[in-house]
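Below are the chains, spelled out letter by letter.
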Amino acid sequence: MYRLLKQIAKTGIVSEPPPHPDETLRQIDQQLGEVILRHFGRALAIRHVDAGSCNGCELEIHSMNGPYYNLERLGIKFVASPRHADLLLVTGPVSRNMELALKRTYAATPDPKLVVAIGDCGCTGGIFGESYASSGRVSNVIPVDVAVPGCPPTPIALMQGILTAISSGGRDRA
Amino acid sequence: MEEHRVTELALHTQPVAGAMPAFRATVGAAELRGLCEQTRAQKARLVALWGSDETTRGGGYALHLALALGSGLLWLTLPLAREHPRYPSIADIYPCANRMQRATYDLLGIHAQDSPDQRKWVRHRAWPGGVFPLRKAFPIGTSFPPSDDRYPFVKVEGEGVHEIPVGPVHAGTIEPGHFRFSIVGEKILRLEERLCYTHKGIEKLFENMTLAEGARLAGRVSGDSTVAYAWAYAMAVEGATGTEPPSRALGLRAILLELERIANHLGDLGYLGNDVALSFGFFQFWRLKEDLLRLQGELFGHRYLMDQVVPGGVARDLPRDQAERLLARLEQIQSEVVALKAIYDDHAGAQDRFVMTGQVLPELAEKMGLVGFAGRASGIKHDLRVDYPVLPYQQAGVRMATHTRGDVAARVSVRFDEMFESMRLVRTLASQLAPGAIRAPLADCIPGKCGVGWVEGWRGEVLIALESADANRIHRAHAHDPSWQNWPLLERAVLGNIVPDFPLINKSFNLSYSGQDL
Ligand code: SF4
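One structure accompanies this document, and this report is about it. (Residues numbered from 1 in each chain as written. Chains lettered and ligands numbered in written order. Predicted model: local features only at pLDDT ≥ 70, side-chain atom pairs only at ≥ 80, totals over all residues. Heavy atoms only, no water.)

## Some remarks on the sheet that holds strand β10 (residues 178-184) of chain B
Residues and elements named next belong to chain B. If you walk across this open sheet you meet the 3 strands as β9-β10-β11, and the pairing is antiparallel. The outermost strands of the open sheet, each flanked by one partner alone, are β9 (161-166) and β11 (187-194). Sheet twist, expressed as the average angle between the axes of neighbouring strands with direction ignored, equals 20°. In the sheet, β10 pairs with β11 via 7 bridges, with the strands oriented antiparallel. Counterpart to Val184 in the pairing with β11 is Lys187. Contacting β10 and β11, helix α15 (residues 483-493) crosses the sheet at an angle of about 160° to β11. (Pairing = 2+ DSSP bridges. Helix = DSSP H or I, 4+ residues; strand = E, 2+ residues; numbered from the N terminus. Axes fitted to C-alpha atoms, helices over the stretch in contact; angles between N-to-C directions. Contact = heavy atoms within 4.5 Å.)

As structure tokens, then:
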């Protein structure tokens, strides 16, 4: 126990300042009003859905929860069920074998909801494209608010994407 | 080409050119089972089983087996008829063949006769039964309305038995798959997996690519093993084209592969702490992992080292001053991991959850063919870096880590040992780096050449078996992930354990979905 406490004290707090939203990632205009966004900003619940990725994008989602990025300190946390989620973070090209599960997850997420598509695969289908086995980009299957390119996108880019999804984008909708 | 006689078997084979020792032989259906019984008796493991469509080359179909013999990899090919292609099932001899045989049927319509398990495996609802997407006549862009997807799970009957279906979308940030638990109270009586939700047509995509183009795709078969796959793929292409990568490139590849091993173990050891309510472990290990990833991003231009290994060599050099930065970073990480290991070892709560949880005994591991670090934690003493020490591992010398208890604690222990060994290897490899070029031009390939890539990735052995078509294109590239062998053992490891320990046991293996779903 002593060693554990010593390690904690020695490490200190390593979390770094979060990035700013990036409007270029936005796919459709912000649909949510100021009031809702204010609430989302303080307690956003994310449900991750791997719709067919290579698992590379997942690695960076994990990183985002690590101590340097520490997403949770912004009031943003991952939840176990889509029924508790405000935002779906979707990776991969949508494999045809996952298409139904993704649609069902989307339907189970209460309104108002946001969708952030992750990675070159989520944005365009990436190297896997569209085929007998892949439906391609996420927006081919469910509506997407923000898309974050990269293979995989860095944790900073992912945070930017999430923060963009919950920012007003300069539109005054209060 | 000269004939080679595999001493273990009375079989005439042709050597397969390339870095790893490999031989190829054609067998008839009547000999297949006898041969497999012989190799099984000699403790040769089945590495992979796959099929191919040979109708564009004047044949019918073919079944392929890769077996790991003491002297190298034996690639057996069984030519099959154009009409009703079939072969005798070998799943009773090599249990791990079961799912591979079912996948081969779903993709190519090649039938394993006399197998009691004829259920589909890769096919869910994306294409209907009787359609086989890996056949040459099937255009990759064909799409079908979603078909019916009934799948007969095995039912466990009895008083107080409940079923818990989990997935494909899981509670945590992991890949999709379906788990069907049969439980009594909290105890797991049976687990049945259903995978292939992430099937995205990788093998079909290969057949629409040139040998050079395939490298990027190989690096995305399973993102956490991108170096292992890219190296295996490059090795196969180099064998097929007769390209000799410069020795500096080989040293750099091994450094990249060991870094991938370190990064994955760091991440998983953090999660294993998290899963036993020691979130301290998660934050500490993920800090260290991030320290490594950031430096990798700086030195190689990619945090996970994607697209670094290319056919012919590597994409970027590691100049001396950069190598020194890398070694300094590893030394700092190592000293912290030593401290964290002491904390894990002494933590009564963590050890209580690790010890005797999710056990796979050596006998079962041997029978079912457990591979990789999980195999080594269950007494299976195989590591390609040790068994077939080709350059640069021949020079560096790898000390194999093993354990016999086969529980979560054993897998944790082997992961720590392998991480320390990888750190030592990176130091040795960096000091032994040969001067000179890092990439050789890829020679042209004639059609019908074959190549084998076989690499000990962090999870286990990764295989790429490749055959060329004309114009430097790919006739068939089969990618095999060690998870094929290990998933069925996860079903066994959880038996008698309680449901809440499933995430811990699962993470201690951390198997790939994408790599097996393809
Ligand atoms: S974007 Fe890249 S890392 Fe992400 S799933 Fe696609 S191939 Fe993998």
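## Focus on helix α7 (residues 279-300) of chain B
Residue and element names in this part refer to chain B. Given a rise of 1.5 Å per residue, 22 residues ought to cover 32 Å, and the 31 Å separating the end C-alpha atoms of α7 matches this to within 8%. Taking burial as the measure, the 22 residues of α7 include 17 buried ones, the bulk of the element. Phi turns positive, to about 80°, at Gly301, one or two residues after α7. (Expected span 1.5 Å × (residues − 1). Buried < 20%, exposed > 50% of the residue type's maximum accessible area, 1.4 Å probe, protein only.)

## Here's the deal with the interface of chain B and chain A
Many descriptions give the size of an interface as the accessible area lost when the pieces come together. Opposite the 63 residues of chain B that make contact, chain A presents 47 residues. For the pairing of chain B and chain A, the buried interface totals around 4500 Å² over both sides, and the portion due to carbon and sulfur atoms is 63%. Interface area lost by chain B to chain A is led by Val169, Thr173 and Lys200 of chain B, which between them contribute 15%. The tally of links from chain B across to chain A stands at 3 salt bridges. Ionic pairing is found between Glu16 of chain A and Arg294 of chain B, a salt bridge with its closest N-O pair at 2.8 Å. (Buried area = accessible area lost by both parts, 1.4 Å probe. Salt bridge = Lys/Arg side-chain N within 4 Å of Asp/Glu carboxyl O.)

## Section: the site of the ligand
The ligand sits among Ser53, Cys54, Gly56, Cys57, Gly119, Asp120, Cys121, Gly150, Cys151 and Pro152 of chain A together with Arg220 of chain B. Secondary-structure elements contributing two or more residues to the shell around the ligand are α3 (56-64) and α5 (119-124) of chain A. Element by element, the count of residues in the shell around the ligand is highest for α5 of chain A, at 3 residues. (Near = heavy atom within 4 Å.)

## Digging into the packing of aromatic side chains
All names here are of chain B. Applying the stated criterion across every chain, the model contains 23 aromatic pairs over all chains. Aromatic ring contacts, followed pair by pair, group Phe179, Phe181, Trp487, Phe502 and Tyr513 into a single cluster. A cation over an aromatic ring shows up here: Arg24 above the ring of Trp75, its NZ or CZ 4.0 Å from the ring centre. (Phe/Tyr/Trp six-rings, centres within 6.5 Å; stacked < 30°, edge-to-face > 60°. Lys NZ or Arg CZ within 6 Å of the ring centre and 35° of its normal.)

## Regarding the sheet that holds strand β5 (residues 146-148) of chain A
Residues and elements named next belong to chain A. Read across the open sheet, the 5 strands follow the order β2-β1-β3-β4-β5; overall the sheet is parallel. Lying at the two open borders of the sheet, with one neighbouring strand each, are β2 (76-78) and β5. Between one strand axis and the next, the sheet turns through 25° on average, direction left out of account. Direction of pairing for strand β3 (residues 87-91) relative to strand β4 (residues 114-118): parallel, over a ladder of 5 bridges. By the bridge assignment for β4, Leu87 is matched with Leu114. Along the sheet, helix α6 (residues 155-165) makes contact with β1 (44-50), β2, β3, β4 and β5, crossing β5 at roughly 175°.

## Concerning the packing of helix α8 (residues 320-346) of chain B against helix α14 (residues 408-432) of chain B
Geometrically, a packed helix pair is captured by the angle between its two axes and the distance between the axes. Residue and element names in this part refer to chain B. At their nearest, the axes of α8 and α14 sit 11 Å apart, and the two run at 165° to each other. The angle between α8 and α14 falls in the class roughly antiparallel. For the pair α8 and α14, the crossing hand works out as left-handed. Across the interface between the two elements, Leu326, Leu327, Leu330, Ile333, Gln334, Val337, Val338, Lys341 and Tyr344 of α8 pack against Phe416, Met419, Phe420, Met423, Val426, Arg427 and Ala430 of α14. Of the residues assigned to the contact of α8 with α14, the class counts are 13 nonpolar, 1 polar and 2 charged. (Parallel < 35°, antiparallel > 145°, perpendicular 65-115°, else oblique. Left-handed = near helix turned anticlockwise from the far one by under 90°. Nonpolar A, V, L, I, M, F, W, Y, C, P; charged D, E, K, R; others polar.)

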